[in-house]
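One letter stands for each residue in the lines below.
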Amino acid sequence: MAGDGRGGARMRPTAFLQIAEWLFFGYFILIYFVYALLNVFAVFRIRRYLQVAELTAADNVFSSLDLPVSVIVPAYNESDSIITSTRAMLQVEYPDYEVIVVNDGSSDDTLQKLIDAFNLRPFPEAYRQRVPCKKVRGVYKSALFPTLRVVDKENGGSKADALNAGINVCRYPIFCAVDADSILQPDSLRRAVRPFLEEPNTVATGGTVRIANGCVVRGGFLEKVGLPSNFLARVQVIEYLRAFLYGRMGWSQMNAVLIISGAFGVFDKEAVVRVGGYNAEAIGEDMELVLRLHRHFCESGRDYEITFVPDPICWTDAPEDLNTLGKQRIRWQHGLGQSLRLHKDLLFRRNSGAVGWLAIPFFYIFELFGPVVEIAGYIFMTIAGLSGWISWETTGIFFCLAIGLGVMLSTSALVLEEMSFSVYPRVRDLFKLFGVAILENFGYRQITLVWRIRGLVGWLRGKTPEWGEMKRSSSLTEP
Amino acid sequence: MRSGFPSPVVSELSSSVALLAVAVATGLTTVLFLYALGLRVANILHARDLARLRKRWWPIIAGATISADFDNASDLLVLKRGSRAKLLREWCRFRTYVRGSSDSSLELLAEQLGLLRVARRLMHGRSVSNKLLAVQALGFLGDDESWDDIEVLLEHDNITISITAAIALVHINANKAIGMIMPLVGKRPSWPRTQVGRLLNLAGPDIVTGPLCDAIELANSDEACRLLRFYESASMNDMDSLIARLLTSRSEPAFLAAALKSVRGQLPGEVIEGLATHEAWFVRMQASNLLGRSGRREDYRILEPLLSDAEWWVRYRAAQAITKLPFLGPNALRKLRDRQDDPYAQDILWQAMAEAGLE
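First, a word on scope: everything that follows refers to the structure included in this document.

About the criteria used
- Residues numbered from 1 in each chain as written.
- Chains lettered and ligands numbered in written order.
- Predicted model: local features only at pLDDT ≥ 70, side-chain atom pairs only at ≥ 80, totals over all residues.
- Heavy atoms only, no water.
- Axes fitted to C-alpha atoms, helices over the stretch in contact; angles between N-to-C directions.
- Helix = DSSP H or I, 4+ residues; strand = E, 2+ residues; numbered from the N terminus.
- Parallel < 35°, antiparallel > 145°, perpendicular 65-115°, else oblique.
- Left-handed = near helix turned anticlockwise from the far one by under 90°.
- Contact = heavy atoms within 4.5 Å.
- Nonpolar A, V, L, I, M, F, W, Y, C, P; charged D, E, K, R; others polar.
- Buried < 20%, exposed > 50% of the residue type's maximum accessible area, 1.4 Å probe, protein only.
- Pairing = 2+ DSSP bridges.
- Right-handed = clockwise from strand over helix to strand, strands pointing away.
- Phe/Tyr/Trp six-rings, centres within 6.5 Å; stacked < 30°, edge-to-face > 60°.
- Patch = residues over 30% accessible without salt bridge, like charges linked within 9 Å, V, L, I, M, F, W, Y side chains within 5 Å.
- Areas by Shrake-Rupley, 256 points an atom, 1.4 Å probe, with all protein chains shown as cover.
- Salt bridge = Lys/Arg side-chain N within 4 Å of Asp/Glu carboxyl O.

## Details of the packing of helix H13 (residues 236-249) of chain B against helix H14 (residues 253-262) of chain B
Residues and elements named next belong to chain B. Interaxial distance between H13 and H14 falls to 10 Å at its minimum, and their mutual angle equals 155°. By the angle between their directions, the pair H13 and H14 is classed as roughly antiparallel. Note that H13 runs across H14; the crossing there is left-handed. When H13 is examined against H14, the residues Ile-243, Leu-246 and Leu-247 are found in contact with a partner set consisting of Phe-255, Leu-256, Ala-259, Leu-260 and Ser-262. Here the residues of the contact of H13 with H14 sort into 7 nonpolar, 1 polar and no charged.

## Things to note about the pairing of strand S2 (residues 97-104) of chain A
Residues and elements named next belong to chain A. Taking burial as the measure, the 8 residues of S2 include 8 buried ones, the bulk of the element. Burial along S2 is two-sided: Tyr-97, Val-99, Val-101 and Asn-103 and Glu-98, Ile-100, Val-102 and Asp-104, pointing in opposite directions, are all buried. Taken together, the 7 bridges between strand S1 (residues 69-75) and S2 define a ladder with parallel strand orientation. Opposite Ser-70, over in S2, you have Glu-98 as the bridge partner. Note that the unit made of S1, helix H2 (residues 82-90) and S2 has a crossover that is right-handed. In the sheet, S2 pairs with strand S5 (residues 148-153) via 6 bridges, with the strands oriented parallel. Note that in S5 the partner of Val-101 across the bridge is Val-150.

## Details of unusual backbone geometry
Even without a glycine there, the phi angle at A:Asn77 is positive, about 50°. Here A:Asn77 shows up in the loop between S1 and H2.

## Notes on the packing of aromatic side chains
Ring pairs (aromatic) are described by centroid distance and by the angle formed between their planes. All names here are of chain A. For the structure on display, the rule yields 32 aromatic pairs over all chains. Between Phe-362 and Phe-366 the ring centres are 5.3 Å apart and the planes differ by 55°, which places this aromatic pair in the tilted class. One end of the pair, Phe-362, and the other, Phe-366, are both in helix H10 (residues 353-368), 4 residues apart, so they sit about a helical turn from each other. A residue is classified by how much of its surface remains accessible, and Phe-366, at 7% relative accessible area, is buried.

## Points about a nonpolar patch on the surface
Residue and element names in this part refer to chain A. Residues Phe-231, Ile-438, Leu-439 and Phe-442 make up a contiguous nonpolar surface patch of roughly 380 Å² in combined accessible area. Tracing the chain through its elements places Phe-442 in the loop between helix H13 (427-439) and helix H14 (444-460). By relative accessible area, which is 54% here, Phe-442 ends up exposed.

## What about the environment of B:Leu325?
Residue and element names in this part refer to chain B. Along the chain, the position of Leu-325 falls in the loop between helix H18 (312-324) and helix H19 (330-338). The class for Leu-325 is buried, based on a relative accessible area of 2%. Taking the C-alpha atoms as reference points, Leu-325 and Ser-294, 31 residues apart in sequence, are found 8.5 Å from one another. When residues no more than four places from it in sequence are discounted, the contact partners of Leu-325 are Gly-295, Arg-296, Tyr-300 and Leu-303.

## Re the pairing of S1(A)
Residues and elements named next belong to chain A. Taking burial as the measure, the 7 residues of S1 include 7 buried ones, the bulk of the element. Burial along S1 is two-sided: Val-69, Val-71, Val-73 and Ala-75 and Ser-70, Ile-72 and Pro-74, pointing in opposite directions, are all buried. The pairing of S1 with strand S6 (residues 174-178) spans 4 bridges and is classified as parallel. Counterpart to Ser-70 in the pairing with S6 is Phe-175.

Written out as structure tokens, the structure reads:
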């Protein structure tokens, strides 16, 4: 009996271990298989895009059919970079556009710097509120640049509120939301607006965001592309390549893009107004808006496109210290959870297509709860290895698998980059990026997982994440 | 804890699967990195090759845009097969941007170099990219013999191929091509506006006007709206008379707004007056816009009530239109603003006057 009893007790943990072991191995293999599939979609999409881009290069001289665009730049305490980024916005090559900088009740001298640099004068704007936002204190117009207006408003506590004020003031049917700590490529608007011209059902377009750290920016122009010297910023170069080149391009192939980066997104204004503008309560207002657009068009049964252009069109300042980066990642994870929950009824909805049946489940399983499974896998395998429940070989294989698949995906993003834009000019940059693709798996990836879990827990507990002060690199700061 | 488990309990199968996955990942990573490196090297070599080709051929092609006096046919013989497609691409690049008599000089150069043969060969190859290049080149070269091959591509699912074929057909025979293409313009919303605009401009208003007017008359509202975007490629007078007629015979608000937006000339007062009070705000807005463009004294009485419209855009466009009226100076505008009872009308006039630099 005793023997039987011990044997029964032995069977249960063994079965449990085997299930856990298969679960973790299976999870890792599945997640990377899905990413690899997205990669394949992205290859097709990018190849087709480049073919068309080459053939339509001559159309750049034909502009009478271009749609006018309002560029909205929300700014809160952006005193260091606002002049550089506004100048960059004013130098964009586009036939008809306006720039609206929204000073979201900054406590520093953002507004005063703008007034001085662009010779702003009060403007009698017949303001009308189409989407909700905090009170607008005044509108200014530049005496130097007729296309520049600055909206001064009370602080709304969120970028969404500032963007809504910009939407209320902007004149044109298409608006482009750009972060104040970003600069645009001169041809960015032309490239991002092209989907609206080519596909009339387009309601939103995302652009590829790249890391500005390490680049040389002068007078609002990107003068020279370079890799950042800071390791954290360099890892983010790889992360952004993965996220934009095959993450979003892959989903774009299925009209299932769920995120258009807040750093650069172009929207059909009327569609956004119809869904109520940005949600000021949302932490990830960019993703929440895209999900709301998907939901609105799924409910109305109208054809629509939310697309993505792979060209590197917007350069943003990446955090270079752990504290700022950590806060950013906690916020992103919180925003992801919040947005998915707000639109949970899109999940497996009958007419929601790839959005409800593929993209949202993917984001729930791999992006939202993925970090928990991954960390649990590391902990389980370490404990199991130490306790002798599983052999050291198996533990080793597990870690090699996690790292190997991670490196493989980052390398495939490098391949996509080489196939398409080859932004970093020197061959040694490629080696450096490959080195980072390996090194990020030792420490950085695990820290990121911890931040993401903190974001997830914060969201589950209903705790509002901190913004904290963003420490800037010198890339976008005026000399 | 250790005593509760046999050591180790891991299944051989999962270990093997994981080991295989590690091996595959490592192998693939190596292959991918080498491929990325190979792509970089190939890009560098391609760029060098292209630079050499351009150094040799750009002066010749550029020279051909100025003078038809050249003799370089023998040079093509020394070009590798792969470089011939590159040369054709460079030739097409030049040909895209030049206008006037340089066209024929470039075509003569292409003839001497045997680029027509190169293009025809690429047309029947398997590479989509080369096929597109060939269609473009055969169009530029006006190759009648390839008409049927290119016409087939008009119905191609790939938008780029179909629109490139359409442009090529216009180059070969604009009259014949526009008659075939115009009905497709309304029916294929996926055709890029910029490209359609390009092909219509290429054909010119004399060829485009008739088929465009016919297509608009026969089209449903959506198609007609799409076709109206190409107003500027046709003769203004003919288009305006057609629109004036259609504005009284059709009632779809989207069509009315698109038609009003297109008009560049003037419409009879009674037509526009009716539309300025239309129930759809976007029709009223376009009517205000049009009245601003017309600048007629008699339109002023239609515009003033629109300053108090319920819709901001209608008020805004009416205010902009009023500030543009040539017979109203700053003082008259200030008086007009001061006599408005409606604060919304006053606000919008303040704004429009400030925008026009009148305040």
